[in-house]
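# A closer look at the structure
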Amino acid sequence: AGELRQQQEQAQSTIEALKATERREVLERELSHQLAEQIRSVHTTPRIRNFLVQSWACVVTESMLRYGDADERTAGYLKAVDDLLWSLRLPDHPQSRQRLLALLPTLLQRLRSGMALIALPDADQQAVLDELMAIHTEALRPGARADTSLVEQEQQGLVLDALDAQVGRAGDLRLTRHGFVDA
């Protein structure tokens, strides 16, 4: 009877661990899906998109599991999503630039805190922060966002360069950033 009780206790701890793992996976998958929906209409780099949908989903999941849904840290990590998304589609207006300047210290602190929470490798952290710095630096320039942002222009340029290589091999026409021209 004693052995049976001991085996049941050991099995119970294993069952609890499996339940916790399943809850983490389900929660992370749901958060990832929600974040993917939120960022769908935002034009940004693939690294920032992946960071938000994958790494930040892990951050929010970890915070919810460690501290609870109602904890201020969890609320801060969720607010960071809204702030980050707003900063990525910042309108070209002086008041918006001022708001971004005021928002950045808190946003960056939350991002660093979240990345530390999930022990994101330093190289990955730095790559995300560097890319955000480039995006926000461009956003802070007056008149920087005419019809398309720098990120969109770079992405379009990469696509056009790839198409140019394909079309160039095909023969007579060459694709430029302004359309097709005779080669």
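Residues numbered from 1 in each chain as written. Predicted model: local features only at pLDDT ≥ 70, side-chain atom pairs only at ≥ 80, totals over all residues. Heavy atoms only, no water.

This part takes up the overall build of the protein chain. When helices and strands are tallied, the protein chain shows 6 helices and 2 strands. Counted from the first residue to the last, the protein chain has its helices and strands arranged as α-α-α-α-α-α-β-β. Relative to its 183 residues, the protein chain shows a buried fraction of 34%. Pairs at least 24 residues apart make up 60% of the contacts formed inside the protein chain by residues separated by at least 6 positions. (Helix = DSSP H or I, 4+ residues; strand = E, 2+ residues; numbered from the N terminus. Buried < 20%, exposed > 50% of the residue type's maximum accessible area, 1.4 Å probe, protein only. Contact = heavy atoms within 4.5 Å.)

Phi at alanine 119 is positive, roughly 55°, even though this residue is not glycine. Mapped onto the elements, alanine 119 comes out in the loop between helix H4 (94–117) and helix H5 (122–140).

What follows concerns the packing of aromatic side chains. Remark: the centre distance and the inter-plane angle together describe each pair of aromatic rings, the angle taken between the planes. In this structure the tally under the stated criterion is 2 aromatic pairs. Between phenylalanine 51 and tryptophan 56, the ring centres sit 5.7 Å apart and the planes meet at 50°, which makes this aromatic pair tilted. Judged on exposure class, the residue phenylalanine 51 and its partner tryptophan 56 are both buried. Between the aromatic rings of tryptophan 56 and tyrosine 77, the centroid separation amounts to 5.7 Å while the plane-to-plane angle is 85°, which identifies the pairing as edge-to-face. (Phe/Tyr/Trp six-rings, centres within 6.5 Å; stacked < 30°, edge-to-face > 60°.)

In this section: the packing of helix H1 (residues 2–39) against helix H2 (residues 46–67). It is at 8 Å that the axes of H1 and H2 come closest, and there the two elements cross at 140°. By the angle between their directions, the pair H1 and H2 is classed as oblique. Crossing angle aside, the handedness with which H1 passes H2 is right-handed. Counted together, Arg23, Arg24, Leu27, Glu28, Leu31, Ser32, Leu35, Ala36 and Ile39 of H1 and Arg49, Leu52, Val53, Trp56, Ala57, Cys58, Val60, Thr61, Glu62, Met64 and Leu65 of H2 form the full contact between these two elements. (Axes fitted to C-alpha atoms, helices over the stretch in contact; angles between N-to-C directions. Parallel < 35°, antiparallel > 145°, perpendicular 65-115°, else oblique. Left-handed = near helix turned anticlockwise from the far one by under 90°.)

Looking at the protein chain, the pLDDT average stands at 81 and 78% of residues meet or exceed 70. Segment residues 145–153 is flagged for pLDDT under 50; beyond a separation of four residues in sequence, or across chains, it makes 14 contacts in the model. Within the model, pLDDT remains below 50 along residues 159–183, and this stretch shows 27 contacts once partners closer than five positions in the same chain are excluded. (pLDDT = per-residue confidence, 0-100.)

Residue placement: serine 55 occurs in helix H2. When its relative accessible area of 16% is taken as the criterion, serine 55 is described as buried. Expressed as a C-alpha distance, the spacing of serine 55 and glutamate 28, which sit 27 residues apart in the sequence, is 9.7 Å. In contact with serine 55, not counting residues within four places along its chain, are Asn50, Ile118 and Leu120.

Attention now goes to the packing of H2 against H5. With their axes 10 Å apart at the nearest point, H2 and H5 run at an angle of 125° to one another. In terms of orientation, H2 and H5 fall into the oblique class. Of the two possible hands of crossing, H2 and H5 adopt the one that is left-handed. Two secondary-structure elements touch here, H2 through Arg47, Ile48 and Phe51 and H5 through Ala127, Val128, Glu131, Leu132 and Ile135. Its residues assigned to classes, the contact of H2 with H5 comprises 6 nonpolar, no polar and 2 charged. (Nonpolar A, V, L, I, M, F, W, Y, C, P; charged D, E, K, R; others polar.)

The next subject is the pattern of salt bridges. This structure, assessed with the given rule, holds 8 salt bridges. Across the salt bridge formed by aspartate 71 and arginine 73, the nearest N and O atoms sit 2.8 Å from each other. A relative accessible area of 41% means that arginine 73 is categorised as partly exposed. (Salt bridge = Lys/Arg side-chain N within 4 Å of Asp/Glu carboxyl O.)

Let's shift gears to H4. End to end, H4 covers 35 Å across 24 residues, agreeing with the expected 34 Å (1.5 Å per residue, within 8%). When the local axis directions of H4 are compared, the greatest deviation, roughly 40°, occurs at leucine 103, which is followed within four positions by the proline proline 105. All of the buried residues along H4 are Ser96, Arg97, Leu100, Leu103, Leu104, Leu107, Leu111, Gly114, Met115 and Leu117. Its buried side turned inward, H4 meets H2, helix H3 (72–88) and H5. Remark: alanine 119 follows H4 within two positions and exhibits a positive phi of approximately 55°. (Expected span 1.5 Å × (residues − 1). Bend = angle between axes of the 7 residues up to and from the residue.)

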